[in-house]
Amino acid sequence: MFLPVVLCVCGLLMQGEAQDRAAMWRGNDRNGRCQYTFTVPSPAETTCPQNAGPEVEGLKARLSLLEVLVARLSGGEIKTPQVSQSRPQNDLQESLNRAVGERNLLQAEKERLERELEGLQRRLEEMRRETERLRNKPCPAQPPVVPPSPPLQDSTLRRPAGGFGPMSHLMTRPNTRGDISSLRDSAWQYGSPGFQELKAEVTEVPAPGGTEDGTGCGELVSVAEPVTHRKTDNIMGKYGVWMQDPEAVSPYGPNMVWRIDTVGSEIRQLFGYDDMDQLSKGFPSKVLLLPDPVEGTGATMYRGSLYYQRRRSRTLIRYDLSSESIAARRELSHAGFHGQFPYSWGGYTDIDLAVDEQGLWAIYSTTKAKGAIVIAQLDPNSLEVRKTWETNIRKNSVANAFIICGKLYTVASYTSPDTTVNYVYDTATSQGRALGVPFKNKYRYNSMIDYNPVQKKLFAWDNFHIVSYDLRLGRPQAK
Ligand code: CA
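Since the structure is predicted, the reported quantities are computational estimates derived from the model, not experimental observations.

Student: What's the story with the pattern of salt bridges in this structure? I'm lost.
Tutor: It is possible for side chains bearing opposite charge to pair when their charged atoms get close. According to the stated counting rule, one finds 15 salt bridges in the structure shown. Residue Asp233 is joined to Arg230 by a salt bridge in which the shortest nitrogen-to-oxygen separation is 3.0 Å. Residue Arg230 is classed as buried on the basis of its relative accessible area of 15%. Two residues, Asp379 and Arg386, come together in a salt bridge whose shortest N-O distance is 3.7 Å. The buried category is assigned to Asp379, whose relative accessible area is 18%. What you see here is one network of salt bridges that share partners, running through Glu219, Lys407 and Arg433.

Here is the structure:
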């Protein structure tokens, strides 16, 4: 009994001695886990074969962790060949690096775009200045065929043409020329002084007294004050021609109104308006591009066709409105053109077409007639001349002419606000005589006067204004 007790006491004593010399360390290992280390002296060996004990390893691990923490807090890097960063830390760092890199790229891209924007703004400003400079620069003069004559009195004609106007989108055909920068009043581009702004000095030849034609058509007794339907809105409308077809053909009805602005050298646009109201408002429903350019203000409309003189020629053209193509083309024999025998205001009004109750007419002159007005009745289909009359009135001495019931009437002045219809020539009798029917050029630049046999009115184009005149027809006053 005593021996076991002694052994236990010895054991406890030895254990107590061992516990007195035992030690415990606690610290994180390389993987960050908590590691407990106990050391107890060896009862047999006095020294260990290794130099560093576990406590040193623990200290190293703790030191490494501290270094990592310090490095993180200071934002720097630490090179620990023995201790690597944990995976989440690496991922975080990589994400951070990627984000920083992307931010730098975006910053560079933003700076590049800002530089590009500055460049574009600079170019825009340069273009604006260039446009301004071109606007202020006078148009270069075109080489004239003959030395340029004094331009038309209205200084607005010197302004450059600005384009086809706001209705270009209504074109039914492409504009094959495209360039309209050279548009000019044909009168002052090629004209000579002899055809410009001539004063209307009537050189009429005395004629026998008037006679009635006996057809029911009256003779012109009076012309009312002009009614203004529309003021054109740009230089292209300084002068022109407007018309209604007295025998309209489908697809266009009798109310359709047609208009050609004739300022310029390449006149091809024919504007169509559903009625007078639309004309007054300036809303065309149709714009046709004519295959051949127009000359003068002598065009007319009849039985579904536009009749006009081709530019710089004596060629007459019948343009069919329904097929939008040329239906007939014929030269008007010996007719002067392009300033040879115009009306007094010039404008290459050498050949004036007219329609009345009896059909289609041409008013022109020839060398043989020495500038006197010649009247031709034309076949509306073929444009063949059926018959001609030679009057005794000099064409360039009158402002314009129109035909009512086979009788030619001339207007003395295109500028005088109070002028007269000063002559009548009756094709039925081949006789003419002087008249004195008052006529007003309200806007003082009347470039076109035509009779409409359905409306029984005169249509005219007076200095940007589309006007009409009511008429009174009746028995002529006895002379
Ligand atoms: Ca006329």
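Read on for the rest.
Student: Is there a simple way to explain the packing of aromatic side chains in this structure?
Tutor: Between two aromatic rings, the relevant description is the distance of the centres plus the angle of the planes. Summed over the entire model, instances satisfying the criterion amount to 9 aromatic pairs. Considering the side-chain rings of Tyr239 and Tyr445, the 6.2 Å spacing of their centres and the 15° angle between planes classify their relative orientation as stacked. Highlighted residues: Tyr239 in the loop between strand S4 (227–231) and strand S5 (240–244) and Tyr445 in the loop between strand S20 (431–439) and strand S21 (446–452), separated in sequence by 206 residues. A relative accessible area of 4% places Tyr445 in the buried class. When the centroid spacing of 5.5 Å and the interplanar angle of 80° are considered together, the rings of Tyr414 and Tyr445 count as edge-to-face.

Student: Help me out: how do you make sense of the coordination of the calcium ion in this one?
Tutor: For a metal with four tetrahedral donors the ideal donor-metal-donor angle is 109.5 degrees, while six octahedral donors give ideal angles of 90 or 180 degrees. For the calcium ion, every protein donor is listed as Asp352 (OD), Asp352 (OD), Asn400 (OD1), Ala401 (O), Ile449 (O) and Asp450 (OD), and the spread of their distances is 2.3 to 2.9 Å. Around the calcium ion sit 6 donor atoms, and with donor-metal-donor angles ranging over 48 to 156° the site reads as irregular. All donors of the calcium ion come from a single chain, and their spacing in sequence reads D-x47-N-A-x47-I-D. In this pair, Ala401 sits in strand S17 (residues 400–404) while Asp450 sits in strand S21, placing the two residues 49 residues apart along the sequence. Asp450 carries the same exposure label as Ala401, and that label is buried.

Criteria and cut-off values
- Residues numbered from 1 in each chain as written.
- Predicted model: local features only at pLDDT ≥ 70, side-chain atom pairs only at ≥ 80, totals over all residues.
- Heavy atoms only, no water.
- Salt bridge = Lys/Arg side-chain N within 4 Å of Asp/Glu carboxyl O.
- Buried < 20%, exposed > 50% of the residue type's maximum accessible area, 1.4 Å probe, protein only.
- Phe/Tyr/Trp six-rings, centres within 6.5 Å; stacked < 30°, edge-to-face > 60°.
- Helix = DSSP H or I, 4+ residues; strand = E, 2+ residues; numbered from the N terminus.
- Donors = N, O, S within 2.8 Å, 3.2 Å for Na, K, Ca; no water.
- Tetrahedral: all angles 85-135°; square planar, octahedral: opposite > 155°, others 65-115°.

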